[in-house]
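Next come the chains, spelled out residue by residue.
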Amino acid sequence: MRDTKKQITFVSNWKTNPGSEKEALVLLKQFTAELKKIKQKIIICVPTLFLPALAKEKSNVVALGLQNTAIEDIGAHTGEVSLAQATAYKVKHVIIGHSEVRALGETDELVNKKIKYAIKQKVTPIVCVGEKVRDDGHEYFGIITEQVIKAFAGVVKKDISAVLIAYEPVWAIGKDALRDATPEEFYEVKILIKKVLMDTYGLATKDIPQILYGGSVTEKNAKAFVTAGDADGFLIGRTSLDVKKSIILLNSI
Ligand code: PGA
């Protein structure tokens, strides 16, 4: 199943962790040291407030990203940070449409605007999609289809090819997750997303962007998502705050 030459992408989502800049710096230094040993690169989407301090840590194994963005460089967007403000810190990736942000009212239309803005800023969007409930009637197919179609409305093919998509079933995310998703469940949705991008946006198979899995990824379950689920990588929350477990995870792939 797995193409062994395939490049696997690892994205960490630190969310609102850790509690201080000092702790964030310690964590980043530990990651850099361990990643160097195993010659592995990862993307870490950090709390924006810590970005200036973290960006001073020179690391060619960790690329820093944001967890959200405003929709334009400057303007009336209380509490939000734009990519123009963050590019001084060499941000190359931004998570867009995370379920925790959608839960606060972010719509598919806003997700679409943020994706277009990130592309304009030459920052790679990590676009999250996923259903809240996995129903026996397969309504989740329709929900994911709509999220994908609306996310990329008006985005040209070559730009869609260059994004990262993360399938994150909401019911499998975080400490209150109902259960782990299975690699087969991921694979089914990967095929659906591919089909939607081909049918709606005319993408050829070779131009399908990388499709990552996210939701309670651990050092114990990650490998199966690659081997049995054909995941192109991961968006990792809690496990990404634990250096030891993260290194075991990376080594397992
Ligand atoms: P989790 O979070 O790995 O802690 O479930 C994943 C995410 O929300 O991106």
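To be clear, the structure that these remarks concern was listed above.
Thresholds, definitions, all that
Every chain's residues receive numbers from 1 upward, in the order its sequence appears when written. In keeping with the predicted nature of the model, local features appear solely for residues at pLDDT of at least 70, side-chain atom pairs appear and are counted solely at 80 or more, and the whole-chain, interface and lining totals rest on all residues. Note that the side-chain values use all heavy atoms of the structure and ignore hydrogens as well as water. Under the scheme used here, helices are H or I runs from DSSP no shorter than 4 residues and strands are E runs no shorter than 2 residues, and both carry numbers assigned from the N terminus. Burial status follows relative accessibility: with a 1.4 Å probe on protein chains alone, a residue under 20% of its type maximum counts as buried, one over 50% as exposed, and anything between as partly exposed. A single heavy atom is enough: if one lies within 4 Å of a molecule or strand, its residue is considered near that molecule or strand. What qualifies as a polar contact is a pair of N or O atoms within 3.5 Å, subject to a donor-acceptor requirement within protein and to the restriction that residues adjacent in sequence count only when both atoms come from side chains. Surface exposure here means Shrake-Rupley accessible area, sampled with a 1.4 Å probe, where a residue is shielded only by the protein chains that are shown. Under the convention adopted here, Pro, Cys and the residues Ala, Val, Leu, Ile, Met, Phe, Trp and Tyr are nonpolar, Asp, Glu, Lys and Arg are charged, and Gly plus all remaining residues are polar. Only strands joined by at least two bridges in the DSSP assignment are considered to pair. Every axis in this analysis is a line fitted to C-alpha atoms, fitted for helices over the stretch in contact. Angles between the N-to-C directions lie between 0 and 180 degrees. The method works on a 1 Å grid over the protein atoms by themselves. A cavity is a set of points holding a 1.4 Å probe that cannot get out, a pocket is an open set with protein on both sides within 12 Å along at least five of seven lines, and residues with an atom within 4 Å of a point line them. Grid points are joined across faces, edges and corners, and a volume is the space filled by probe spheres set on the points. As used here, the term nonpolar core means buried Ala, Val, Leu, Ile, Met, Phe, Trp, Tyr and Cys residues forming a set that is joined through side-chain atoms within 4.5 Å. When checking whether two residues touch, look at their non-hydrogen atoms; a contact exists if any pair is within 4.5 Å. Cysteine sulfur atoms are paired as a disulfide whenever they fall within 2.5 Å. Given a helix with a known number of residues, its expected span is that number minus one, times 1.5 Å. Our arc is simply the arc of the directions from the helix axis toward the C-beta atoms.

1. A look at unusual backbone geometry
Right, on to step 1. Pro18 follows Asn17 through a cis peptide bond whose omega is -10°.
Right, on to step 2. Not every positive phi belongs to a glycine, and Lys90 is a case in point at roughly 60°.
Right, on to step 3. Examined against the element boundaries, Lys90 turns out to sit in the loop between α3 (83–86) and β4 (93–96).
Right, on to step 4. Taking relative accessible area as the criterion, Lys90 reaches 59% and is therefore assigned exposed.
Right, on to step 5. Not every positive phi belongs to a glycine, and Asp230 is a case in point at roughly 55°.

2. Remarks on the site of the ligand
Right, on to step 1. Taken together, the neighbourhood of the ligand is formed by Asn13, Lys15, His98, Glu168, Ile173, Gly174, Gly215, Ser216, Leu235, Gly237 and Arg238.
Right, on to step 2. Within the side chain of Lys15, one N or O atom sits 2.7 Å away from an oxygen atom of the ligand.
Right, on to step 3. The contact in question runs from an oxygen atom of the ligand to an N or O atom on the side chain of Arg238, over 2.7 Å.
Right, on to step 4. Starting from 280 Å² of accessible surface for the ligand in isolation, the protein chains cover 99%.
Right, on to step 5. In terms of residue class, the shell around the ligand is made up of 2 nonpolar, 6 polar and 3 charged.

3. Points about the sheet that holds strand β2 (residues 42–45)
Right, on to step 1. As summarised here, the arrangement of the 8 strands in space is β1-β2-β3-β4-β5-β6-β7-β8, forming a closed barrel in which the pairing is parallel. For this sheet the average axis-to-axis angle between neighbouring strands, irrespective of direction, equals 25°.
Right, on to step 2. Sheet topology places strand β7 (residues 210–214) next to strand β8 (residues 233–236); 2 bridges connect them, and they run parallel. Looking across to β8, one finds that Gly214 is bridged to Leu235.

4. Observations regarding empty space enclosed by the protein
Right, on to step 1. As enumerated under the stated definition, the model contains 2 cavities of 30 Å³ or more in all.
Right, on to step 2. Taken as a whole, the largest cavity spans an internal volume of roughly 80 Å³.
Right, on to step 3. The wall of the largest cavity is formed by Phe10, Ser12, Phe31, Ile42, Ile236, Thr239, Ser240, Ser246, Leu249 and Leu250.
Right, on to step 4. Ranked by the residues each element gives to the lining of the largest cavity, the list is headed by helix α10 (residues 243–252), at 3 residues.
Right, on to step 5. When its residues are assigned to classes, the lining of the largest cavity shows 6 nonpolar, 4 polar and no charged.

5. Structural notes on the nonpolar core
Right, on to step 1. Ranked by internal contacts, the top residues of the largest apolar core, which has 68 residues, are Phe152, Ile193, Leu197, Tyr213 and Phe234.
Right, on to step 2. Contacts of Leu197, omitting those with residues within four sequence positions, involve Val148, Phe152, Ile160, Ile165, Gly202, Leu203, Ile208 and Pro209.
Right, on to step 3. Counting residues in each nonpolar core, the second largest holds 10 residues, with Val11, Ile43, Ile126 and Ala166 among its members.

6. Here's the deal with the side chain of Ser82
Right, on to step 1. Among the secondary structure elements, Ser82 is positioned in the loop between β3 (62–66) and α3.
Right, on to step 2. Residues within four places of Ser82 in sequence aside, it is in contact with Thr69, Ala70, Glu72, Asp73 and Tyr117.

7. A short note on the environment of Lys37
Right, on to step 1. With respect to the helices and strands, Lys37 occurs in helix α1 (residues 21–38).
Right, on to step 2. A relative accessible area of 59% places Lys37 in the exposed class.
Right, on to step 3. Between the C-alpha atom of Lys37 and that of Asp136, which follows or precedes it by 99 residues, the distance is 45 Å.
Right, on to step 4. At a separation of 2.9 Å, a polar atom in the side chain of Lys37 contacts the side chain of Glu34.

8. Looking at the state of the cysteines
Right, on to step 1. Across all of its chains, the model carries 0 disulfides by this definition.
Right, on to step 2. Cys45 takes part in no disulfide bond, and the closest cysteine sulfur, belonging to Cys128, lies 9.0 Å away.

9. Things to note about α1
Right, on to step 1. Relative to the 26 Å expected for 18 residues at 1.5 Å per residue, α1 spans 26 Å between its end C-alpha atoms, a close match to the ideal helical length.
Right, on to step 2. By the burial criterion, the buried members of α1 are Ala24, Leu25, Leu27, Leu28, Phe31, Thr32 and Leu35. Down the axis of α1, the sector holding all buried residues measures 160°, keeping them to one side. Residues of α1 that are exposed and point more than 90 degrees away from the buried face comprise Lys22 and Lys37.
Right, on to step 3. Structurally, α1 contributes buried residues whose contacts are with β2, α2 (51–55), β3 and α10.
Right, on to step 4. Lys39, located one to two residues past α1, shows a positive phi value of around 50°.

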